[in-house]
Amino acid sequence: MEARIARLEADVAHLRSDVGDIKGDIRRLHGRIDGLRDKIDALRDRLDGKVDAVQAALADLRERFEVDLAAMKDGFTGELAATKDGFTAALAATKDGFTADLTATKDGVKAEIASVRDGVKAEIASVRDGVKA
């Protein structure tokens, strides 16, 4: 029986030694975990800074894009209005020229009709004079 107690005491001593080793390992792991936690926190802070910088750059880019787009729209609107005004002026000039040509042609036709009428009247008068004589 004493041999069994001695063996149990040896086993308990061995267990105490193993538990002591495990506690030491746990203490070392706590130190490593704390170090990793500090590194992760620092990395997160750096990453947050970079994300903030990227967001600011994107906001600036968007603002510049909106300004450029507005300027392009205003320029296009101005060019479109100028083209419309030019087209309207050209159309009005063409209409005025056509109207002037039409009026000149009409006046020429009237003059030709008047000339023919006067010639016919003169012939009629000549024939009347010839018949009366």
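Before reading on, note that the structure itself is shown above.
Summarised in this report is the structure supplied together with it. (Residues numbered from 1 in each chain as written. Predicted model: local features only at pLDDT ≥ 70, side-chain atom pairs only at ≥ 80, totals over all residues. Heavy atoms only, no water.)

### What to know about the overall build of the protein
Broken down by element type, the protein carries one helix and zero strands. Its C-alpha atoms give the protein a radius of gyration of 56 Å, clearly above 14 Å, the size a compact globule of 133 residues would have. Referenced to the eigenvectors of the C-alpha coordinate spread, the extents of the protein come out at roughly 185 × 30 × 5 Å. When each of the 133 residues of the protein is scored for burial, the buried share is 1%. Carbon together with sulfur atoms contributes 63% to the accessible area of the protein, which is approximately 12200 Å² in total. Averaged over its 23 positive side-chain charges, the protein has a centre that lies 3 Å from the centre of its 26 negative ones. (Helix = DSSP H or I, 4+ residues; strand = E, 2+ residues; numbered from the N terminus. Rg over C-alpha atoms; globule rule 2.2 N^0.38 Å. Buried < 20%, exposed > 50% of the residue type's maximum accessible area, 1.4 Å probe, protein only. Areas by Shrake-Rupley, 256 points an atom, 1.4 Å probe, with all protein chains shown as cover. Lys, Arg positive; Asp, Glu negative; His and termini not counted. Charge placed at Lys NZ, Arg CZ, Asp CG, Glu CD.)

### Quick look at a nonpolar patch on the surface
A grouping of Val-54, Leu-58 and Leu-61 is seen on the molecular surface, where their side chains present a nonpolar patch of about 280 Å² in accessible area. As for its position among the elements, Val-54 is in helix α1 (residues 2-132). For Val-54, a relative accessible area of 49% gives the class partly exposed. (Patch = residues over 30% accessible without salt bridge, like charges linked within 9 Å, V, L, I, M, F, W, Y side chains within 5 Å. Salt bridge = Lys/Arg side-chain N within 4 Å of Asp/Glu carboxyl O.)

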